[in-house]
Amino acid sequence: DGMNVLFIVADDLRPVLGCYGDKLVKSPNIDQLASQSIVFSNAYAQQAVCAPSRVSFLTGRRPDTTRLYDFYSYWRVHAGNYSTMPQYFKENGYVTLSVGKVFHPGVSSNYSDDYPYSWSIPPFHPSTEKYENDKTCRGKDGKLYANLVCPVDVTEMPGGTLPDIQSTEEAIRLLNVMKTSKQKFFLAVGYHKPHIPLRYPQEFLKLYPLENITLAPDPWVPEKLPSVAYNPWTDIRQRDDVKALNVSFPYGPLPEDFQRQIRQSYYAAVSYLDMQVGLLLNALDDAGLSNSTIVVFTADHGWSLGEHGEWAKYSNFDVATRVPLMFYVPGMTTSSLSQGERVFPYLDPFSHVLGLVPQGQSKKAVELVSLFSTLAELAGLQVPPACPETSFHVALCSEGPSIVRYFNASEEKAEEEKDGCDDTYRCFNEESVAFSQYPRPADAPQWNSDKPKLKDIRIMGYSMRTVDYRYTVWVRFYPNNFSANFEDVHAGELYMVENDPNQDYNIYNNISHGIFFKKILG
């Protein structure tokens, strides 16, 4: 009880990490964190786009309750005056601090990252954040471009640095301030990478020779994919290097050599992120705080790297919705430390390949909307009550139950054996489920399919993921009163994980799915 919280959130990071079984990536520091943590291998975001996902997990409410499916409304004004996770910690005596991209900036967090409700002091934004989309990528001709693939010489960058480097420095400074203040803290650190542009120090390319980079296992648009489910990756088409390829809309495809370059740069950006996380955790050790601080590491959603002929997020597939999620809880996921013992010595991604495995692993399907309740329980605060059916008027409640009950991985095995699942229907009802959703403006891919504004949404894809399957129905949606008509189904998808792990063979039309449909309505 009374632990500090260090909450680390990456942007657009799918679980390409050593601790998730990826053989190519170099992520020694995040793997080291995992080796002291409980790691969830089936964790999902509630909507695969930045602002809706972040507002959802920071308030503990689903997008249908925050009413944010785009970037253009502030939940306290347009939905309800919901308390946030940092606000709850602040009201319970914590100093709450925000560094980098935690809330999505702009209207959706009231142009203030929800300060002063959520934070004790104004949030920190790196001064070089404003150059993120500028022409800072040197082309082969020596000129500067706003490219997607953008390895850089950091010394040539404005200010001689990059936003995530600045965020790490500020977070370390705050840790050192807090260690002397004797006050409990909740420090949220939001890293920008591997969000596009894939702009990172060029030395990280050395870790990933192009000849080692493969294409996605399924780089084609699946034959039975409903057109409404496809996202035409408009944001990457606007980058100078992609524009120059003159790729046809909406299906492409991108040239194979360029696909490899994107994948190479995504991995390089992940290793650059890993270095930042390593420096931050090393500073937690240096400050003597590793024994009294819960560390959470996650991302706002994933990112397609050519799977299904898609790039970016904006879909209901696992590649877009699945995220890394791990919790380090001193004395719970690890035994207590002796004074001065190091938990997180910094590991250089250029020399350390350790192959560390997670301390504990849970295969339960879990959701980011459960973060609020889970962290409250781990910190010994009262867990926010479950929300009633409609909760627009309720300031403090959560639509995601705490997942602390899944932390003891050995108990999970026992529980599965004990169930023995002789009654299929009962077991079906009790399995863990993660829900995600994605809005579309039309049945066919068009210029605004990836990020429709609220007024243009006509269809909502509601998706349900269990350990065994992903089931999605695309239904009529009315933005004027935020309602979905489940009797007007435009398309459906059903993928069985065991024999179709990449979700390429849609069997929705081959099978009667009444039992799934009931569950998604429930």
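Everything that follows concerns the structure shown earlier in this document.
Not measured: the values here are computed from a predicted model. (Residues numbered from 1 in each chain as written. Predicted model: local features only at pLDDT ≥ 70, side-chain atom pairs only at ≥ 80, totals over all residues. Heavy atoms only, no water.)

(A) Examining the overall build of the chain more closely. Secondary structure assignment for the chain yields 14 helices and 18 strands. Relative to the globule expectation of 24 Å for 522 residues, the C-alpha radius of gyration of the chain, 22 Å, shows essentially globular dimensions. With the C-alpha coordinates aligned to their principal axes, the bounding extent of the chain is approximately 60 × 60 × 45 Å. Put simply, 75% of the contacts in the chain that link residues at least 6 apart link residues at least 24 apart. For the chain, the accessible area works out to roughly 20200 Å², and carbon and sulfur atoms hold 51% of it. In the chain, 47 side chains carry a positive charge and 61 a negative one; their mean positions are 4 Å apart. (Helix = DSSP H or I, 4+ residues; strand = E, 2+ residues; numbered from the N terminus. Rg over C-alpha atoms; globule rule 2.2 N^0.38 Å. Contact = heavy atoms within 4.5 Å. Areas by Shrake-Rupley, 256 points an atom, 1.4 Å probe, with all protein chains shown as cover. Lys, Arg positive; Asp, Glu negative; His and termini not counted. Charge placed at Lys NZ, Arg CZ, Asp CG, Glu CD.)

(B) Looking closely at the environment of arginine 173. Structurally, arginine 173 can be placed in helix H6 (residues 163-181). For arginine 173, a relative accessible area of 45% puts it in the partly exposed group. Taking C-alpha positions, arginine 173 is 28 Å from valine 39, a pair spaced 134 residues apart along the chain. (Buried < 20%, exposed > 50% of the residue type's maximum accessible area, 1.4 Å probe, protein only.)

(C) Broad picture of the sheet that holds strand S17 (residues 469-478). A sheet is described by the order of its strands in space; here four strands give the open sequence S15-S16-S17-S18, paired in antiparallel fashion. Each edge of the open sheet carries a strand with a single partner, namely strand S15 (434-440) and strand S18 (483-496). Here the average twist between neighbouring strands, direction ignored, is 20°. In this sheet, S17 lies alongside strand S16 (residues 459-465) in antiparallel orientation, the contact comprising seven bridges. Residue pairing for S17: methionine 460 is matched across the bridge by valine 475. (Pairing = 2+ DSSP bridges. Axes fitted to C-alpha atoms, helices over the stretch in contact; angles between N-to-C directions.)

(D) Molecular detail of the layout of surface pockets. Of the voids in this model, the largest pocket is the one considered here, and its volume is about 1200 Å³. If you trace the largest pocket, you find 41 residues lining it, with Arg62, Thr65, Glu399, Phe435 and Gly522 closest to the centre. Counting only elements with at least two residues in the lining of the largest pocket, the list comes to helix H3 (63-66), strand S14 (360-367), S15, S16 and helix H14 (514-521). Taken together, the residues of the lining of the largest pocket break down into 20 nonpolar, 14 polar and seven charged. (1 Å grid on protein atoms, 1.4 Å probe; cavity = no way out; pocket = protein on both sides within 12 Å on 5 of 7 lines; lining within 4 Å. Points joined across faces, edges and corners; volume = space filled by probe spheres on them. Nonpolar A, V, L, I, M, F, W, Y, C, P; charged D, E, K, R; others polar.)

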